[in-house]
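# Architecture at a glance
Listed below are the residues making up each chain.
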Amino acid sequence: FGLMALTTTDVVSRYFFNWPLRGGLGITELLLLTLIFAGLPLASRAGEHVTLDFIDLLLGPRSRLLQRAVDLACGLVILALAWRVWVKAGTIAGYGDTTDVLRLPVAPFVYFMTVMVALTGIVIAPVADDVTPLTLLLQLGAKPGQTTSRYDGTALIAAAHLGPDEVVPRLVAA
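Residues numbered from 1 in each chain as written. Predicted model: local features only at pLDDT ≥ 70, side-chain atom pairs only at ≥ 80, totals over all residues. Heavy atoms only, no water.

Turning our eyes to something else, we now look at the overall build of the chain. When its secondary structure is counted, the chain shows 8 helices and 0 strands. Listing every helix and strand of the chain by position from the N terminus yields α-α-α-α-α-α-α-α. Approximately 11,900 Å² of the chain is accessible, and the part contributed by carbon and sulfur atoms is 69%. (Helix = DSSP H or I, 4+ residues; strand = E, 2+ residues; numbered from the N terminus. Areas by Shrake-Rupley, 256 points an atom, 1.4 Å probe, with all protein chains shown as cover.)

Pasting the structure below:
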C-alpha cells in the first residue's frame, strides 16, 4: 500500500501542481527492490514460478529425479550468485553509495538482497519434503519425530502442508 500511495502522490503532485515529491523516485526504487527480493524466496518455496509441465509428460517417471537434480544445480548457482551480490554489497558499502536526492545509504538494501537471494537458493533445492531423501534418511536411522518443519507440531503436519502425498505415509510407517 505504501508504494502505491507514494507513487500516486508523486504523480499527482508532479502533473497537477508541478511539484514532484522530493526523493520519490529513490524511495520507490528501494521499496520495489525490497518487495521483489522479499517475495523471491516465498514464490520459490511455494513453487509459483513459471513451469513447463509438458517436460514431465515427455520424460515420464524419470522426470522427478531429473527435476530434483536441476533444482539442486539451480540452488547452487543461486547461492553462488548470492555470494557475488554479497561481495558487491561490500563494495557499495565501502564507497558509501547513497540515493541521489535523499542520500539514503544503498548498502543495507543490497545486503538484504543478498540474504533473500541466498534464502532463495536454499529453498529452491529443498530435500525435507521429497520422498527419496526422506526414505534414505529413515533407512539410515533418522527418527521421524526429529523431522523439522516451519510449523509447530509434528512432522506429519509439515508433510501434510508441504510435501507430496507419499511423504505422510512414509512418516506414519516409520
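Here we take up helix α5 (residues 107-124). Taking 1.5 Å of rise per residue, 18 residues should cover 26 Å, and α5 covers 26 Å from first to last C-alpha, within 8% of that figure. Turning to α5, its buried residues number three or more, namely Ala-107, Val-110, Met-113, Thr-114, Met-116, Val-117, Thr-120, Gly-121, Val-123 and Ile-124. (Expected span 1.5 Å × (residues − 1). Buried < 20%, exposed > 50% of the residue type's maximum accessible area, 1.4 Å probe, protein only.)

Okay, unusual backbone geometry next. Backbone geometry places Asn-18, a non-glycine residue, at a positive phi of 55 degrees. One can find Asn-18 in the loop between α1 (2-17) and α2 (24-46). In the Ramachandran plot, Arg-103 falls in the positive-phi region, its phi being about 60 degrees despite a non-glycine side chain. Along the chain, Arg-103 turns up in the loop between α4 (62-95) and α5. Classification of Arg-103 as exposed rests on a relative accessible area of 54%.

Attention shifts here to the side chain of Thr-120. Tracing the backbone through its elements, the reader meets Thr-120 in helix α5. When neighbours within four sequence positions are excluded, Thr-120 is seen to be in contact with Leu-40, Pro-41, Ser-44 and Ile-78. (Contact = heavy atoms within 4.5 Å.)

What follows covers the packing of α2 against α5. At a closest axis distance of 8 Å, the pairing of α2 and α5 adopts a crossing angle of 10 degrees. On the basis of the axis angle, α2 is roughly parallel to α5. Relative to α5, α2 is oriented so that their crossing is left-handed. In contact with Leu-30, Leu-33, Thr-34, Phe-37, Ala-38, Leu-40, Pro-41, Ser-44 and Arg-45 of α2, α5 contributes Phe-109, Phe-112, Met-113, Met-116, Val-117, Leu-119, Thr-120, Val-123 and Ile-124. Residues of the contact of α2 with α5, tallied by class, amount to 14 nonpolar, 3 polar and 1 charged. (Axes fitted to C-alpha atoms, helices over the stretch in contact; angles between N-to-C directions. Parallel < 35°, antiparallel > 145°, perpendicular 65-115°, else oblique. Left-handed = near helix turned anticlockwise from the far one by under 90°. Nonpolar A, V, L, I, M, F, W, Y, C, P; charged D, E, K, R; others polar.)

Time to look at the side chain of Thr-99. Among the secondary structure elements, Thr-99 is positioned in the loop between α4 and α5. For Thr-99, the side chain forms a polar contact with the main-chain nitrogen of Arg-103, separated by 3.2 Å. (Polar contact = N/O pair within 3.5 Å; in protein donor to acceptor, adjacent residues only side chain to side chain.)

With that out of the way, let us pick up the packing of α1 against α2. The contact between α1 and α2 brings their axes to 10 Å, and the two run at 155 degrees. Here α1 is positioned roughly antiparallel relative to α2, judged by the angle of their axes. When you trace α1 past α2, the crossing you get is left-handed. Side by side, α1 and α2 meet where Leu-3, Leu-6 and Thr-7 of the first sit next to Gly-24, Ile-27, Thr-28, Leu-31, Leu-32 and Leu-35 of the second.

Per the stated rule, a full pass over the model turns up 1 salt bridge. Between Asp-10 and Arg-14 there is a salt bridge, and its shortest N-O distance comes to 3.3 Å. Taken together, the residues Asp-10 and Arg-14, both in helix α1 and 4 residues apart, mark about one turn of the helix. What makes Arg-14 partly exposed here is its relative accessible area of 35%. (Salt bridge = Lys/Arg side-chain N within 4 Å of Asp/Glu carboxyl O.)

Purely spatial values, then, with no claim about function.
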